[in-house]
Amino acid sequence: MALKEIQAKSILRTHKKIESWFLSRYGMNLYRGCTHNCMYCDGRAEKYQVDGEFGCDVAVKINAIDILRQELDFTCRRKPLKPGYVMIGGGVGDSYQPVDQQYQLSRKTLELMSEKKSPVHILTKSTLVKRDIDILTKINNSSKAIVSMSFSSVDDRISSIFEPGVPPPSERLKTLESFKQQGIPCGMFLMPVIPFITDTYEQMELSIKAAYDFKLDFIIFSGMTLKEGKQKTYFINNLEKTCPELLPNYHTIYPKDHQWGNATDTYYASINETFQILTKKYRIPKRIPPQLYVDILDENDRVVVILEHLDYLLKIQGKPTPYGYAAYSISQLKEPLSSMKHNLRQIKGVGPTTEKIIKEILETGRSSYYEQLLYG
Ligand code: SF4
């Protein structure tokens, strides 16, 4: 492993609108590169421009805390931070990978977040996060925290092949249990499931049942992408060594030169169907549920999140939905929705059904239709 200390120019990444998967408007990567070295990691893809050999080399943003302190300083900002969870955990480097034992950038970030009373959402694959259970409990008690862990399955043997640098899923689940015992909401990011290996009905049931048994608050699901270039080459070369018999199946579902490395729609529809059946069986929310954000987000973002969740919940059932477009239009508004209560239909994408849902959210903070789909 080669470590390189670098000076970052900025740390907080601002999203153009609320990110409804994580309920965040801001995210950050404290490290670039990741020695967890998951075989499917898309941090390898050229578009992320991670220097060095992915899986071995890590760049440490050595000045991260000083920069973050400036970025969070209300007196220096032109505008205050928008409400929402600040997401710690990035696609190009797990914030709790082994190097964090030495640099403790994650812990120092949490200390700053606690000082600023900011809600925090952690996403990691590492049990090292347990080191910070004290500070996360403090944040949860004052401003709310969510701890999520990602899994491709809960099978320790499979994980040791595809996620060689990560603690086994059984230990990750026990770590989540410790957070639940402190009253901290926890989620499973079941992503990506690995085609023909962890996407089978049996494997997915083991994962979803584990989330149910450990009383996790939600599961977020996604299939795998393989972007042409370093990511796909690395994965396919390793698959050739471990499961060569699966190569023809992969060539069938991953068409060449797809811009985002997506598999075919038919493949994604089939795994979504399995996910839908199993989450219904175990009655686990398929998105972060409203009780974890109603009193955190402002009213427009609350509506955007619910409409985007609705859009997803209908899409995975293969149904058409108008809600994504309406959510996008609302995310661009400058004025609060409650001030437009009588003109909601003037917003692009808002028809009579969406209008009714928005009014219900504005009046009660909830949407009964959404909650029925979320758990159903
Ligand atoms: S833990 Fe996340 S960032 Fe690190 S290699 Fe695995 S998938 Fe990539």
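Just so you know, these numbers come straight off a predicted model, no measurement behind them.

Within the protein chain, the secondary structure is distributed over 14 helices and 10 strands. Relative to the globule expectation of 21 Å for 376 residues, the C-alpha radius of gyration of the protein chain, 21 Å, shows essentially globular dimensions. By principal-axis analysis of the C-alpha atoms, the protein chain measures approximately 60 × 50 × 40 Å. Per-residue burial for the protein chain yields a buried fraction of 43% across its 376 residues. Relative to all contacts within the protein chain whose residues are 6 or more apart in sequence, the contacts with residues 24 or more apart total 76%.

Bringing the site of the ligand into the picture now. Every residue close to the ligand is listed here: C34, H36, N37, C38, C41, G43, G93, D94 and K125. Of the residues contributing to the shell around the ligand, the split by class is 3 nonpolar, 4 polar and 2 charged.

What follows deals with the environment of Q102. Structurally, Q102 is set in helix α2 (residues 99-103). As a C-alpha pair, Q102 and A64 span 38 residues in sequence and 14 Å in three-dimensional space.

This part takes up the sheet that holds strand β1 (residues 2-6). Spatially, 3 strands are ordered β1-β5-β4 in an open sheet, and the strand pairing comes out mixed. Of all the strands in the sheet, just β1 and β4 (31-32) have a single pairing partner and so form its edges. Taken together, the 5 bridges between β1 and strand β5 (residues 57-61) define a ladder with parallel strand orientation. When the sheet's bridge partners are listed, K4 is paired in β5 with A59.

Here helix α10 (residues 265-282) is 18 residues long and its end C-alpha atoms lie 26 Å apart, about the 26 Å a rise of 1.5 Å per residue gives. All of the buried residues along α10 are I271, F275, L278 and T279. Axial view of α10: buried residues confined to an arc of 100°, hence all on one face. In α10, those exposed residues whose orientation departs by more than 90 degrees from the buried face are D265, T266, K280 and K281. The inward-facing, buried residues of α10 contact α7 (201-213) and β10 (218-221).

Buried together is how nonpolar side chains tend to be arranged in soluble globular proteins. With 93 residues, the main nonpolar core has Y40, V120, V147, M188, I219, V303 and L307 as its most contacted residues. In terms of residue count, the dominant contributor to this core is helix α11 (residues 299-315) (8 residues).

This brings us to the sheet that holds strand β2 (residues 13-19). Two strands in a sheet stick together by hydrogen bonds in their backbones, pointing the same way (parallel) or opposite ways (antiparallel). Taken in spatial order, the 7 strands make up an open sheet running β2-β3-β6-β7-β8-β9-β10, and their pairing is mixed. Here the strands that pair on one side only, and so sit at the sheet edges, are β2 and β10. Within the sheet, the average angular offset between the axes of one strand and its neighbour, ignoring direction, is 25°. Where strand β7 (residues 120-124) and strand β8 (residues 145-151) come together, 5 bridges link them in parallel fashion.

Below, the discussion takes up the domain arrangement of the protein chain. Domain boundaries assigned for the protein chain yield domain 1 (2-292) and domain 2 (299-375). Once you take the C-alpha centre of each, domain 1 and domain 2 turn out to be 27 Å apart. Listed as interface residues are 15 residues of domain 1 and, on the opposing side, 14 residues of domain 2. Among the secondary structure elements, those contributing two or more residues to the side of domain 1 that touches domain 2 are β2 and α10. Per-class residue counts for the side of domain 1 that touches domain 2 are 7 nonpolar, 4 polar and 4 charged.

Here E205 is to be found in helix α7. Between the C-alpha atoms of E205 and L176, which are 29 residues apart in sequence, the distance is 19 Å.

With that settled, the discussion passes to the pairing of β8. The buried count for β8 comes to 7 of 7 residues, which makes it a mostly enclosed element. With burial as the criterion, each face of β8 is covered, one bearing A145, V147, M149 and F151 and the other bearing I146, S148 and S150. Inspection of the sheet shows β8 paired to strand β9 (residues 186-190) by 5 bridges, in the parallel sense. Pairing of S150 across the sheet is with F189, part of β9.

What counts and how
Residues numbered from 1 in each chain as written. Predicted model: local features only at pLDDT ≥ 70, side-chain atom pairs only at ≥ 80, totals over all residues. Helix = DSSP H or I, 4+ residues; strand = E, 2+ residues; numbered from the N terminus. Rg over C-alpha atoms; globule rule 2.2 N^0.38 Å. Buried ≥ 20, exposed ≤ 12 C-beta atoms within 10 Å, placed from the backbone. Contact = placed C-beta atoms within 7 Å. Near = placed C-beta within 6 Å. Nonpolar A, V, L, I, M, F, W, Y, C, P; charged D, E, K, R; others polar. Pairing = 2+ DSSP bridges. Expected span 1.5 Å × (residues − 1). Arc of directions from axis to C-beta. Core = buried A, V, L, I, M, F, W, Y, C linked by C-beta atoms within 7 Å. Axes fitted to C-alpha atoms, helices over the stretch in contact; angles between N-to-C directions. Domains from an automatic or database assignment.

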